[in-house]
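# Structural description and commentary
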Amino acid sequence: MTTIDSDIDSIDLVADDAAARLLSAYEAGSSFLFSTPRGVLLARGVAATVPKTLCARENLPQRVAEFFNSAAEFGHRNPMVVGAVPFGNNLPAHLVLPEDVLRAEPLNLVVPRTPRGGGLDCEVRPVPAPAEYERGVSRVLRRLEEGELSKVVLARSLELTAAEPIDVRTVLQNLALADPASYTFAVDLPKRGEDGTRDSFGPQPLLQRTFLGASPELLVSRRGMRVRSNPMAGSRPRSADPVEDRRRAAELSTSDKDLREHRAVVEAVAEALRPYCRELRVPEPSVISTAAMWHLATEVTGELRDPETSSLELADALHPTPAVCGTPVQRARDVIAETEPFERGYYAGMVGWCDAAGDGEWVVAIRCADVEDDSLRLYAGAGIVAGSDPADELAETSAKFRTALSAMGLDQAV
């Protein structure tokens, strides 16, 4: 058993703080961290990188299966891949075979931990500017009125430039400890414009860019024959006033606009999973909370027909859901490309792991940031449907930014 020293004060932890030790052991550039309500996974080192020639979105699950066969030939027992798949087709997936994998029970906190460390000294530039984002929402609403599509998820970003390199581990710890019920992740990426991978097994160069976040949304998990997905759509910002906070949750639960938006996402998820499942259960939605938001969520569960169906195959069939793209998907993609003044990259993609047996867990890459040295880009989106109000959608993205901004010790209007 590997012993790991922890620099996290355990005062808020219950009994076993193995999960906190794994969180503390994360090192940007040489690790992958995935903290979920069911457990914490820390993957360290890179035994091999799945070649980019195998990582195009087309037939990705089959190509990864071929990679597992190659890994077995090189003596890797029970191999797994960890990493991220982008939103669109302009980037390949970034998946690696780690040298070492450690697991622990979930973070078990008496109360959520408030962010530690001082705030960053940084410049913040919204892309697009708030007024331009509202104009973009108005343009999308006109497209909706024309009847060519029923929903578009329109995102905006914040570009932050700090006075010194950003402490990725502290930001990651703050994210995980502030909301243990979320799916906190960190993925090492190649620097922009650099390959950073090799098409063979063996030592790999250290990566110097990190994609991290705390997503509330499980895309899909597979454990044996059991499948689970937790699509979300429809949300309200939390309030510090308990009475107002409860009012917002109640309003969300009865909102016709939000329920319609949520229903479309759940139906798309069920339609994508049904061919793979001999049994699929789709209950009524419920209202769940994160530290910053209320969400409508539906926990879809099922039993696989074929034990050969991997978690990556299921995730690939679901991605992207209408919760991060829109409906119909291809038309929504086109409108997003026309309207958003930036490339999404891995934002609104998926992050997770899959092993050679097919088990794994993948989350929707939202409430996230792309960090490189002293610069960081945050992303947040809102689902635009008939009845959406541009000012409300801007406010929703601002509320979603708070998850990451708080983890960096920043409290400012965006």
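Just so you know, these numbers come straight off a predicted model, no measurement behind them.

## Quick word on the overall build of the protein
Scanning the protein from terminus to terminus reveals nine helices and 22 strands. With 414 residues in all, the protein has 56% of them scored as buried. Accessible area of the protein: about 17,500 Å², with a carbon and sulfur share of 48%.

## Let's talk about the sheet that holds strand S11 (residues 218-223)
Read from one edge of the open sheet, nine strands run S3-S5-S4-S19-S20-S11-S12-S17-S14, paired in antiparallel fashion. For this open sheet the edge positions go to strand S3 (48-49) and strand S14 (277-281), each flanked by a neighbour on one side alone. The pairing of S11 with strand S12 (residues 226-229) spans three bridges and is classified as antiparallel. Following the sheet pairing, Arg223 is matched in S12 by Arg226. Against the sheet, helix H2 (residues 60-73) makes contact with S3, strand S4 (80-85), strand S5 (94-97) and strand S19 (350-355), and its axis sits at roughly 150° relative to S4, the strand it touches most.

## What about unusual backbone geometry?
Of note, the amide linkage connecting Val127 to Pro128 takes the cis form, showing an omega dihedral of -5°. Assignment of secondary structure puts Pro128 in the loop between strand S7 (122-127) and helix H3 (130-145). Geometrically, the link from His319 to Pro320 is a cis peptide bond, its omega value of -10° lying close to zero. For Pro320, the location among the structural elements is in the loop between helix H7 (311-318) and strand S18 (326-327). For Ala348, which is not a glycine, the phi torsion comes out positive at approximately 70°. Within the secondary structure, Ala348 sits in the loop between helix H8 (329-339) and S19. A residue is classified by how much of its surface remains accessible, and Ala348, at 0% relative accessible area, is buried. At Arg367, a residue that is not glycine, the phi angle is positive and equals roughly 50°. You can see Arg367 is positioned in the loop between strand S20 (360-364) and strand S21 (368-372).

## A closer look at the packing of aromatic side chains
A complete count under the given rule lists five aromatic pairs for this structure. Look at Phe32 and Phe34: their rings are 6.0 Å apart centre to centre, the planes differ by 20°, and that puts the pair in the stacked class. The residues Phe32 and Phe34 share a single accessibility class, namely buried. Judged by centre distance (5.6 Å) and plane angle (45°), the ring pair of Phe185 and Phe211 falls under tilted. Note that Phe185 is positioned in strand S9 (residues 183-189) and Phe211 in strand S10 (residues 209-215), a separation of 26 residues in sequence. The same class applies to Phe185 as to Phe211, namely buried. Three or more aromatic residues joined by ring pairs form one cluster here, namely Phe185, Phe211 and Tyr346. We note Arg238 situated over the ring of Trp294; from NZ or CZ to the ring centre the distance is 4.4 Å. A cation sits over an aromatic face here: Arg344 above Phe87, 4.5 Å from the ring centre.

## Considering the side chain of Asp245
Positionally, Asp245 belongs in helix H5 (residues 242-254). Within the structure, the side chain of Asp245 is placed 2.9 Å from the side chain of Trp294, a separation counted as a polar contact. Excluding anything up to four places from it in sequence, Asp245 contacts Arg238, Ser239 and Trp294.

## Details of the packing of H3 against H8
As a packed pair, H3 and H8 sit with axes 11 Å apart at the nearest point and diverge in direction by 150°. Of the possible angle classes, the one that applies to H3 and H8 is roughly antiparallel. By crossing handedness, the relation of H3 to H8 is classed as right-handed. Contacts between H3 and H8 involve Gly136, Arg139, Val140 and Arg143 on the former and, on the latter, Arg331, Val335, Glu338 and Thr339. Its residues placed into classes, the contact of H3 with H8 shows two nonpolar, two polar and four charged.

## Observations regarding empty space enclosed by the protein
Tallied over the full model, the rule gives two cavities of 30 Å³ or more. In this structure, the largest cavity spans a volume of roughly 110 Å³. Every residue along the wall of the second largest cavity is listed here: Val171, Leu175, Leu212, Gly213, Arg367, Cys368, Ala369, Leu376, Leu378, Ala404 and Met408. In terms of residue class, the lining of the second largest cavity is made up of nine nonpolar, one polar and one charged.

Definitions and limits used
Residues numbered from 1 in each chain as written. Predicted model: local features only at pLDDT ≥ 70, side-chain atom pairs only at ≥ 80, totals over all residues. Heavy atoms only, no water. Helix = DSSP H or I, 4+ residues; strand = E, 2+ residues; numbered from the N terminus. Buried < 20%, exposed > 50% of the residue type's maximum accessible area, 1.4 Å probe, protein only. Areas by Shrake-Rupley, 256 points an atom, 1.4 Å probe, with all protein chains shown as cover. Pairing = 2+ DSSP bridges. Contact = heavy atoms within 4.5 Å. Axes fitted to C-alpha atoms, helices over the stretch in contact; angles between N-to-C directions. Phe/Tyr/Trp six-rings, centres within 6.5 Å; stacked < 30°, edge-to-face > 60°. Lys NZ or Arg CZ within 6 Å of the ring centre and 35° of its normal. Polar contact = N/O pair within 3.5 Å; in protein donor to acceptor, adjacent residues only side chain to side chain. Parallel < 35°, antiparallel > 145°, perpendicular 65-115°, else oblique. Left-handed = near helix turned anticlockwise from the far one by under 90°. Nonpolar A, V, L, I, M, F, W, Y, C, P; charged D, E, K, R; others polar. 1 Å grid on protein atoms, 1.4 Å probe; cavity = no way out; pocket = protein on both sides within 12 Å on 5 of 7 lines; lining within 4 Å. Points joined across faces, edges and corners; volume = space filled by probe spheres on them.

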